[in-house]
Amino acid sequence: MSDIPQERRVLTAIPGPKSVELQARRTAAVAAGVGSTLPVFAARAGGGIIEDVDGNRLIDFGSGIAVTSVGASAEAVVRRASAQLADFTHTCFMVTPYEGYVEVCERLAELTPGDHAKKSALFNSGAEAVENAVKIARAYTGRTAVVVFDHGYHGRTNLTMALTAKNMPYKQGFGPFAPEVYRVPVAYGYRWPTGAENAGAEASAQAIDEITKQIGAENVAAIIIEPVLGEGGFIEPAKGFLPAIAGFAKEHGIVFVADEIQSGFCRTGQWFACEDEGIVPDLITTAKGIAGGLPLSAVTGRAEIMDAAHSGGLGGTYGGNPVACAGALGAIETMVELDLNGRARRIEEVMKGRLEEMRAKLPNGGVIGDVRGRGAMIAIELVKPGTKDPDAAATAALAKACHAEGLLVLTCGTYGNVLRFLPPLVIGEDLLNEGLDILERAFSTL
């Protein structure tokens, strides 16, 4: 754990003068297409705090988008990665392999759902993992079609842009996209026309009907879904939906892929979110929380499926970099030793309790239409009072008010109207509550 004091401190305006100066340099040197939620330049980070170049300490409710679940400077990650740095930084696993890669794959086989024989391949980013999962599924099945879901997000490469539902900012102006990608409904309980209680059964029946009629199950290589949809708005598919889709995939020889890039590694209070309804995916893609902030991703799955690609068909120069692998082993060590699944469940208890209290204090719930999520993957959907009309302006205003007070929060959602909370799993409960106090005060600014 970093030695940064775990206390919020606001010394300047947010952003402060040094950050403003750096932002001017950034504008001159960095492509305009690379955005930032908050132009505050980090100097140090650890626990539940990000310290900026002006000496401000912000409470972190973002974790670098669910990456630094063990903290941004976890002792085991720093120790193991530093030792590996001193030994060697790279050989390319496809040239001369090393034990760290193998050990990460062994740990993934142990931790991911199911007791069948598993193998893994390591890559650099979540998008790369998803793209390789499609390659593997196509090699195994000899089929080409890929099915994805409304509100899903899977990355920024050409294929994963095609898989992603949301146009702006991810797809606008970047086409044409990869073919043979088909999108079907998801059980978005809050917005399901006949009510959340019907969403699981009705959405799965509709999705299966569309696959059968419009694509043909015999043509589908893979069905890919986030067990909790991240960028789409932290949508937890209504109960029964995932088992129905997984059952359909199994019945028709379709590879069922759980995209756990944002929801994996203790984030939802379980090692992987698909465990909630006992789903055992054929393939599971991971990244973000896997390595404590170092770039690493993986595809893990049934050995016979993973072995379908020919030798040399999977890989990449930096895939499974030895320093990143060391970081992953340190992150997993931390997750086990600190019981971060238990920590995530406690964060859910505190956050949902406080958020529901906030909603109760507002007339008819005010702008808070829905409180949802699991573990330390919690969100509120903001709407115009008395309706379910998305209120993106209120969402942006709330985020801005929180940022000014030294609380880093993120937005998301297909309609831009969801505040998502992804605190590090090691955050202190005092900081967690202080952050929620800031959020509660922010509602008075609307």
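In every chain, residue numbers begin from 1 and rise along the written sequence. Under the rules for a predicted model, residues below a pLDDT of 70 receive no local features and side-chain atom pairs below 80 are neither given nor counted, while totals for whole chains, interfaces and linings still include all residues. In computing side-chain values, all of the structure's heavy atoms are included and hydrogens and water are not.

1. Some remarks on the sheet that holds strand 12 (residues 377-382)
Then comes step 1: Criterion used throughout: strands pair if DSSP finds at least two bridges between them. Going along the chain from the N terminus, every DSSP run of H or I of four or more residues is numbered as a helix, and every run of E of two or more is numbered as a strand. Here we have 4 strands laid out as an open sheet, ordered 11-12-15-14, and antiparallel in their pairing. Of all the strands in the sheet, the pair left with one neighbour each is strand 11 (368-374) and strand 14 (410-412). Taking the axes of each pair of neighbouring strands and ignoring which way they run, one obtains an average angle of 25° across the sheet.
Then comes step 2: Where strand 12 and strand 15 (residues 418-421) come together, 4 bridges link them in antiparallel fashion. Looking across to strand 15, one finds that Glu 381 is bridged to Val 418.
Then comes step 3: Strand contacts of helix 12 (residues 392-404): strand 12, strand 14 and strand 15, with the helix running at about 40° to strand 15, the strand carrying the most contacts. The convention used is that axes are lines fitted to C-alpha atoms, helices contributing only their stretch in contact, and that angles between N-to-C directions extend from 0 to 180 degrees. Residue contacts follow a heavy-atom distance rule, with two residues in contact if any of their heavy atoms lie within 4.5 Å.

2. Digging into the side chain of Asn 132
Then comes step 1: Considering the arrangement of structural elements, one finds Asn 132 in helix 5 (residues 126-141).
Then comes step 2: A residue is classified by how much of its surface remains accessible, and Asn 132, at 5% relative accessible area, is buried.
Then comes step 3: Ignoring sequence-local partners within four residues, the contact set of Asn 132 consists of Phe 123, Val 299 and Leu 314. Think of it in three bands: residues with accessible area under 20% of the maximum for their type are buried, residues over 50% are exposed, and the middle band is partly exposed, with areas taken using a 1.4 Å probe on protein chains only.

3. Things to note about the nonpolar core
Then comes step 1: Remark: nonpolar core denotes a set of buried residues (Ala, Val, Leu, Ile, Met, Phe, Trp, Tyr, Cys) joined through side-chain atoms within 4.5 Å. Residues Phe 61, Ile 223 and Phe 421 are the most contacted members of the largest nonpolar core, which totals 120 residues.
Then comes step 2: Counting residues in hydrophobic clusters, the runner-up holds 10 residues, among them Ala 66, Val 228, Phe 234 and Val 418.

Note that all results are geometric; they support no functional claim without further evidence.
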